[in-house]
Each structure stands twice: as structure tokens, then as C-alpha cells.
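Okay, here's what each chain looks like letter by letter:
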Amino acid sequence: MEDKYGRNVEEKWQKWWADNGTYKFQDADLIKPVYSIDTPPPFTSGDLHMGHVLSYSYFDFAARYKRMRGFNVYYPQGWDCQGFPTEVKVEQKYGRKPPEEFRKLCQEWTVACIDKMKSQMIQMGFSPDWRYEYRTMSPEYHKKVQYSLLKMHEKELVFRGKHPVFWCTKCMSALAKSDTEEAPRQSTLNHLIFTSAKGDVIIATSRPELLHACVAVLFHPEDKRYAKFANEAVTTPLGKQVKMIPDRDVDPTFGTGALMVCTFGDKMDVVWMYRYNLPIIEAFTQDGKVINGPEYLNGLKAEDAKKKIIETLQAEGKVVKIEPLSQVVKVHDRCKRPVELMLSSQWFCKIKGKSDEIIAGAKAMRWVPDFAISHLIDWATTVEWDWVISRQRVFGTPLPFRHCPQCNKDYPADYSELPFNPAVAQEKKCPDCNEILVPEKSTCDCWVDSSITPLVIAGWPDDEERFKRLYPVSLRPQGVEIVRTWAFYTIYRSLALTGKPPFKELLLNGNVLAPDGKKMSKSLGNIIAPDQLIEKYYTDSVRQWAALSGAMAKDRPFSYQDLTYSKSFLNKLWNASKFIGTAITGYVPDESHKAGLELPDKWILSRLQSLTTQVTEDFENYEFHHATKAIHQFFWNELCDYYLEYVKYRIYRDDVPKESALAARYTLHMALLASIKLLAPVMPHATEEIYSIFAESVGDGSRRSIHHAAWPVADAKMSDAAAEKKLVLINEVVSQVRQFKSANKLALNAELASLAITAPEDISEGKAALAACTGAKAVSFAQGDLSVKIKN
């Protein structure tokens, strides 16, 4: 065993695991129960962040635990390769390129990112079976995604339509609602004069740049201020006539109580457009410039147009007043640009009206923690529109369809054409008009790719027998912030394609915040790099930090204190294991050695049974923080602080009866072996090293990995409540003696003349251990409340 723990130990075992196929899924083993994990495919940004470390540690703990419980663990690892961020990075580096050249550059960039991130995963001791690695940009994966879309198209769940969609004018692409987030901003509320034959109407709007797209004015039907204008024509400041319509969804307390409907300022404009069959006026180009407006506005960006039209209307006397306004707007979650609502021809998945089915599927699965399902239910019950799945990007999975511009019809690709690539697709003609069909150039939303991961890893649709064995997946671990996307869309698509919920359990983790509680970001300069932590504190300390975080579906600030403590425990485990390993060198355990067990032995073995029961229950419930704290408490505060001190003399002194010495070694063997097994899922490197040396020292010659060893099972026969009760008293006596020595500046091994102990229980059975541990030459006992008289 190495003298000190360090990166050399971790790197040694990482290589040994890879060389020996320690984490291989046993495909041919049809006896062991399968435990499968639908691991999150991280977006290939090039670096793992602390959120990855936290969430991936969680399900790695689960995988390692299940292996030791006798499960055949199927733990693949994928990579979410495609999307906006990669295109932005590649475009920044290489500029705009022809589509196929640009796609190739994106792929090269992604491969380099994967190589680095995979190396970091190995450094963290994560244990996937790399034979089942997948990449969403591969032709094989494209084929499965496109197959799923064709199947859903057959069920009329995928369709093209022209509808208002969220649109990013910077990325120039359609977005789903889930691609947006809300951000506060300061704006203005502008009171504008609309005229009519029955008098002026003052309209308050925060978006005067949409005035040219105004198609109606609305007010609440019980608002008496506007009753006389109901269904009358009013004229906008730009000279256009529109109708005033009473509608109960109008808030009469906001602004002036009268509002203009434009196409489109927000989602209510869309609702009212459909409700009253209003005309649609396109207000902006795809890159966010005004069209169909006055000459002086056309071609201006939204913010510039807003300033220009207010200046113009003020000069014409059509602005009553301008007020400051605090508002919350939707922005693209990637580039943070405010999104617009635009009429666009896009591809959709039919989700509206499916919420009850999705919620029922979600309720059929176990959510850990159980309250986390509320995130999905809240989202599902607010779904108002179908899911727009097409994106106007290059680096993505091509949508497998063709379009006839003459007939305005869409045709699915043949299954034999998959993976479908529009750049090289075979020319086909419309069966109705004989016009050449145009291959669809839009790509899939990245959630279309990742929403079939449980199907893909289970062998769908090619291997039916494998699929029956691996689906539904045992565990879906993921962040709580993507419940509304990854979990929601996966449940929806899996139900549509298989009729079954995709998982048995979902494990939800929160985010890792900076130590000050703020979100980690490069702009704030508070990013904590896992690589640096591993170098300074070592992997098994970082993994302990993850276990101790307790971030189950809740955000937690990063704690250097927890990390420092974890490294201290790692050192304690290492040094104590070296001592025990030396003490039991050459010892061969035998059940007959239990005959010589003494009170401290019975106590620590009884505590070990309780610990095993508790930790097993905690791992079953994914309560890794409870389990880790319990093991730390036992190993450091009971085994090391007390038991080792009680037992040392029985190891080293020649005058100790053989029966007692063998019982001491038996107990040390049992305690250390069980402890490192319980710690193995969280601290795989240290426990593997200790187990290897330990196995050699106890003489079984095994080189089997600890991660294939059997998980400890509590033995009720070794539980001893009486011994535990007595050792509470004995430990308190020792604690008081240590305090006495410290207060009197005595060494801990300094001899004492005597101890006179009064205790409510007869603890004289522990006399020898007390004398050896405290250095007392004489120890006496009496009955009564606990007290200790110490003579130096």
C-alpha cells in the first residue's frame, strides 16, 4: 500500500479498471437482474463544470452500489453534440462557411470537446461502459431520430404548419417555449392618442415600434370608460383604422385599460388573433428589422424603431406621456436576446391536449425526491401550443421530409433513405404535379435528439429482444432545471412511440452555485474548475463533496469547507487502513475467533450492523449525504477515535491471551472490510487500493475489484444493545480523561495513577481496555451517576 494517497493511486486504478473491463455490462448474463441508467448526454462544450461533477457523481454512486448488490449494470454514456452554442463558437473562429463545410468544422470542434470531457470523466472515476458510447451527431443516431419522427408522422403527431412561433432574431431560428427564459428589464409605457368619431382613446403600450402591426384595440367589457366605443372603428396614430373590441381577458387596471393587439407583441396577441380572426401583419424580418411600416421605420432594428417612432409621434403631438416601466420579457436561453413572436412555417410535434397523458405517465414512475414531479405537472398544465421542433440551423439532425412548393404538400422520406441528408438526397417528384420535391433544410431542435435516449440505449428500433430486456430504463438521472424539457419531451415521445413510460425512477439534482450563493458564470469570474480541485484535493475528496452536498432537486452553494473536510477524512481512512492492514498481516479470519470477543469488540461489531442497515437504506433511497455522513461518523468518531485505542494493546503485547488477540484481529478485519465496501461507491480509488492490499494481507490472494465484491449484509445476531449502552459510558470516561490530559498539558499516552469511575451500568468488563487506552495503572468502579476521578 502506498505510503501516501495521491493522484498516482487514482490514475493507477483508473488504468486497471479500463484494462480489466471492470465496468462492462455482461450482455450474455441473463441471470443477474439488469439495472440500466439513461445517463444525461452532456452538451459538448469542452469542459465539465461543477454541475456535471455533482449530477454524474450521483448516478455513479448508484451504479457502483447496484453492482455490489448483484445487479448487471448497464451504464452507457452519450454526448449531446448539436445545437446553437457549437455553431456560435465555430462561426466565431472560422466565420461563415458553406453548409457542408461548416457542418464538418462543427463536427471536428465537437470531437475535440468530447476527447477533453471524456478524459475529465475518467479522472472523476465515473464508471460507464464506454463500449456503449453514442454521439447525437453520428449518422447512426440521426437515423434513429429520423425514424422516430417518421413513426410519429404516421400517427399524425408530427406536422408542418404556419403559426406564430418564438423567434430569435440573433440566431435567426424558431424556438420552443422551453428554449426561452424570463429576464427583467427597464422599459417605458407610452400613452398614445387614437382617434374616433366618438372621441379620443388613449392607449398605453410598451412596444410602439409595433404600431404599424396593430390590428385591433381591446378593453374590458365592464370598463365603462370605453363602453361607447364597443365595436367602433378607431384610428391609430399612423392613420390606420381598427376595431375596438370588448374582451374579458383585458386587465382594466394596467395602463389606461385599453390596449392594442399587434401581430405579435406577446402570447395574448396570438390568442386574440385566433379568437377574433384578426389579420396578420408581419412586423419584422427574421433578423429583427421593421417591415411593412412607415418608410422612416422600415429597415430599423426594434430598439431603434421604438426611439424613432416616439420622436416622430411626439413631434406630431400624439404622445400624452411616457412612464418608466419595469417588466419581465422572454429571452433566448442561449444568447439572451429578447425573442419575438413571428408567423413562420415550421415543423411541430402535437403536444397540445396531451398533458393528461404525459402527467399520467410521469406518475407511473418514482420521482426522487418525490416533490420534484411538481415541476413537470406545473409545466404540463401550462402548455398552450404545440412543440415547434424545427430550427433554422446547420449543425443538427436533418428533418426527413420533402416539400412540394406547387401543391404545398409535405412528403416523408422513405425508411430506406435513412439517415436522410438533404444535401445528397435522391431527387424525387411530387406524385400529384410531377414537380421536383424540395428536401427540408431545417434541422431538429436538440431536444428531439435527446428525447429518445432511453429508446436508443435499449436497442430500439433494431433489437427487439434487447429492447424488452432494457426498457423501461431503471433510472433517469437529471437536473431539475430541465424537467420541463428533457423529462417532459422524453416521456411524451416514449409514450407516443412505445405506449410505455420510459423510466422506473427519476433522480433529480439541483445546481451548484458559487460559494456566495450566486450562479456560477464566466462573466462574474466565479467559475470553479473541477480539474483544479482534483489536483489539490484528489478525486475521492471531490466525490465526497458531491455526496455531502445533499443537492436533491435543490440548488446548493459550493463549499470549500466540505471539500477540506473530505480530504481530511480521506487521509484518516488511509492512515487507519495502513495501521489495520499491518495489524492483520497474515491473519486468516475464522468464525471460531468470535468466541474471544470482548466488550469493545461486541460494541463496534454491533454498531457496524446498525451502520450497514442504515447505509443500505440510504443508498436505496439515493440519500447519499445521509449515508456518507453516517460512514464518516462511524469510521472516524467510533472506530478510529475509540475502538483502535481500546484494541492496540491486544495486537502488540505478547502477554495477551491468544483467544483475545485473534478476536481483536477478527473484529478489525470485519470492521475495515465492511467500512471500505460501504464507502466504495463514493470513494472508489481509495477503497480499491485498500481492498487490494487488504485482500492480500488476509491471505485470500484475490485480485477481484472491490466494485464486484458483495455489499455488506447486516447480521442481527451480532447486534448487542447492552454492549452499545456500556460503551457509551466507557467512551465518555475516555473523553473526560483526554480533556484532563489536555487541560494539564499531558501527552495523550501519559500514564495516570488511577481512575475511580462511577457509572449507572456495570462497565467493569471494559477495565482492561480502559486501562490500556487511558494509561491508568489502577481502575476502580462504583454504581451511580457517571463521574470520573482522575489521579495523575
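Structure first, text after, so check above.
Source: prediction; values computed, not measured. (Residues numbered from 1 in each chain as written. Predicted model: local features only at pLDDT ≥ 70, side-chain atom pairs only at ≥ 80, totals over all residues. Heavy atoms only, no water.)

Peer 1: Can you explain the overall build of the chain? Please cite residues and give values.
Peer 2: Scanning the chain from terminus to terminus reveals 22 helices and 28 strands. By principal-axis analysis of the C-alpha atoms, the chain measures approximately 115 × 60 × 45 Å. A buried classification covers 55% of the 792 residues belonging to the chain. In the chain, the share of contacts with a sequence separation of at least 24, taken over all contacts with a separation of at least 6, comes to 78%. Looking at the chain as shown, the accessible area adds up to about 34,100 Å², and 50% of this sits on carbon and sulfur atoms. (Helix = DSSP H or I, 4+ residues; strand = E, 2+ residues; numbered from the N terminus. Buried < 20%, exposed > 50% of the residue type's maximum accessible area, 1.4 Å probe, protein only. Contact = heavy atoms within 4.5 Å. Areas by Shrake-Rupley, 256 points an atom, 1.4 Å probe, with all protein chains shown as cover.)

Peer 1: Which residues make up unusual backbone geometry, and what are the values?
Peer 2: A cis amide bond, omega 0 degrees, links Trp-460 with the succeeding residue Pro-461. In the segment running from Tyr-471 into Pro-472, the intervening peptide bond is cis, with an omega of 0 degrees. Relative to the helices and strands, Pro-472 is located in the loop between α12 (464-470) and β22 (473-479). For Glu-156, which is not glycine, the phi dihedral falls at a positive 60 degrees.

Peer 1: Can you break down the sheet that holds strand β14 (residues 340-349) residue by residue, with the values?
Peer 2: The antiparallel open sheet is built from four strands, whose spatial order is β6-β5-β14-β16. If you trace the sheet from one side to the other, it starts and ends with β6 (173-175) and β16 (387-388), each paired once. Relative to β6, strand β5 (residues 158-168) runs antiparallel, the two being bridged by three bridges. Pairing of Trp-167 across the sheet is with Ala-174, part of β6. In the packing of helix α6 (residues 267-275) onto the sheet, contacts are made with β5 and β14, and the angle to β5 comes to roughly 140 degrees. (Pairing = 2+ DSSP bridges. Axes fitted to C-alpha atoms, helices over the stretch in contact; angles between N-to-C directions.)

Peer 1: Please provide a residue-by-residue account of the layout of surface pockets, values included.
Peer 2: Counted as a void, the second largest pocket has a volume near 1,300 Å³. What lines the second largest pocket is a set of 42 residues, among which Ser-206, Arg-207, Gly-265, Asp-266 and Gln-327 lie closest to the centre. Counting only elements with at least two residues in the lining of the second largest pocket, the list comes to β7 (180-194), β8 (201-205), β12 (258-262), α6, α7 (302-315), β13 (319-332) and β14. Here the element with the most residues in the lining of the second largest pocket is β13; it accounts for six residues. Class assignment for the residues of the lining of the second largest pocket results in 19 nonpolar, eight polar and 15 charged. (1 Å grid on protein atoms, 1.4 Å probe; cavity = no way out; pocket = protein on both sides within 12 Å on 5 of 7 lines; lining within 4 Å. Points joined across faces, edges and corners; volume = space filled by probe spheres on them. Nonpolar A, V, L, I, M, F, W, Y, C, P; charged D, E, K, R; others polar.)

Peer 1: Tell me about the pattern of salt bridges, residues and numbers included.
Peer 2: Evaluated as defined, the whole model comprises 52 salt bridges. Between Glu-620 and Lys-66 there is a salt bridge, and its shortest N-O distance comes to 3.8 Å. Note that Glu-620 is positioned in helix α17 (residues 599-620) and Lys-66 in helix α2 (residues 50-68), a separation of 554 residues in sequence. Overall, the relative accessible area of 11% leaves Lys-66 in the buried class. (Salt bridge = Lys/Arg side-chain N within 4 Å of Asp/Glu carboxyl O.)

Peer 1: Any chance you could break down a positive patch on the surface for me, citing the residues and the numbers?
Peer 2: There is a patch of like positive charges on the surface, built from Lys-170, Lys-289, Lys-301 and Arg-337. Summarising the element assignment, Lys-170 is placed in the loop between β5 and β6. (Patch = residues over 30% accessible without salt bridge, like charges linked within 9 Å, V, L, I, M, F, W, Y side chains within 5 Å. Lys, Arg positive; Asp, Glu negative; His and termini not counted. Charge placed at Lys NZ, Arg CZ, Asp CG, Glu CD.)

Peer 1: Help me get a handle on the sheet that holds strand β18 (residues 401-404), residues and values and all.
Peer 2: Each strand in a sheet pairs with another by means of backbone hydrogen bonds, the pair being arranged parallel or else antiparallel. Spatial strand order, β19-β18-β20: three strands in an open sheet with antiparallel pairing. Both edges of this open sheet fall to β19 (409-412) and β20 (438-439), since each of them pairs with a single strand only. Pairing of β18 with β20, which is carried by two bridges, proceeds in the antiparallel orientation. Note on β20: the bridge partner recorded for His-403 is Val-438.

Peer 1: An account of helix α8 (residues 355-363) is needed here, citing residue identities and associated values.
Peer 2: Listed in full, the buried residues belonging to α8 are Ser-355, Ile-358, Ile-359, Gly-361 and Ala-362. Buried positions in α8, seen along its axis, are confined to an arc of 160 degrees and lie on one side of it. Away from the buried face of α8 by more than 90 degrees, exposed residues Asp-356 and Lys-363 are located. Where α8 is buried, its residues contact β15 (366-368), α9 (373-380) and α13 (483-498). (Arc of directions from axis to C-beta.)

Peer 1: Got a sec to walk through the environment of Lys-4? Specific residues and values, please.
Peer 2: Along the chain, Lys-4 falls in the segment before α1 (7-20). Looking at Lys-4, the relative accessible area reads 64%, which means it is exposed. Through-space distance from the C-alpha of Lys-4 to that of Pro-684 is 16 Å; in sequence the pair is 680 residues apart. Every residue in contact with Lys-4, bar those within four places of it in the chain, is listed here: Val-9 and Trp-574.

Peer 1: For the side chain of Gln-609, give the residues involved together with the corresponding values.
Peer 2: Mapped onto the secondary structure, Gln-609 falls in helix α17. Overall, Gln-609 belongs to the buried group, its relative accessible area being 6%. Once you skip the residues sitting within four places of it in the chain, Gln-609 turns out to touch Val-713, Ala-714, Asp-715, Met-718 and Ser-719.

Peer 1: Please set out the packing of aromatic side chains residue by residue, giving values where relevant.
Peer 2: Counted according to the given criterion, the structure contains 36 aromatic pairs. When the centroid spacing of 5.9 Å and the interplanar angle of 50 degrees are considered together, the rings of Phe-219 and Tyr-226 count as tilted. Each of the two residues, Phe-219 as well as Tyr-226, counts as buried. Aromatic side chains Tyr-565 and Trp-636 sit 5.9 Å apart centroid to centroid with 10 degrees between the ring planes, which places their arrangement in the stacked category. With Tyr-565 in helix α16 (residues 560-583) and Trp-636 in helix α18 (residues 624-652), this pair connects stretches of sequence that are 71 residues apart. Of the aromatic side chains, those joined through ring pairs into one cluster are Tyr-58, Phe-61, Tyr-65, Phe-619, Tyr-622, Phe-624 and Trp-711. Taking the ring centre of Trp-17 as reference, the NZ or CZ of Arg-64 above it sits at 5.1 Å. (Phe/Tyr/Trp six-rings, centres within 6.5 Å; stacked < 30°, edge-to-face > 60°. Lys NZ or Arg CZ within 6 Å of the ring centre and 35° of its normal.)

Peer 1: Could you give an account of helix α5 (residues 139-154), naming the residues involved and the relevant values?
Peer 2: Here α5 is 16 residues long and its end C-alpha atoms lie 22 Å apart, about the 22 Å a rise of 1.5 Å per residue gives. Taken as a whole, α5 has its buried residues at Tyr-141, His-142, Lys-144, Val-145, Gln-146, Ser-148, Leu-149, Leu-150 and Met-152. Trailing α5 by a residue or two, Glu-156 shows a phi angle of about 60 degrees, which is positive. (Expected span 1.5 Å × (residues − 1).)

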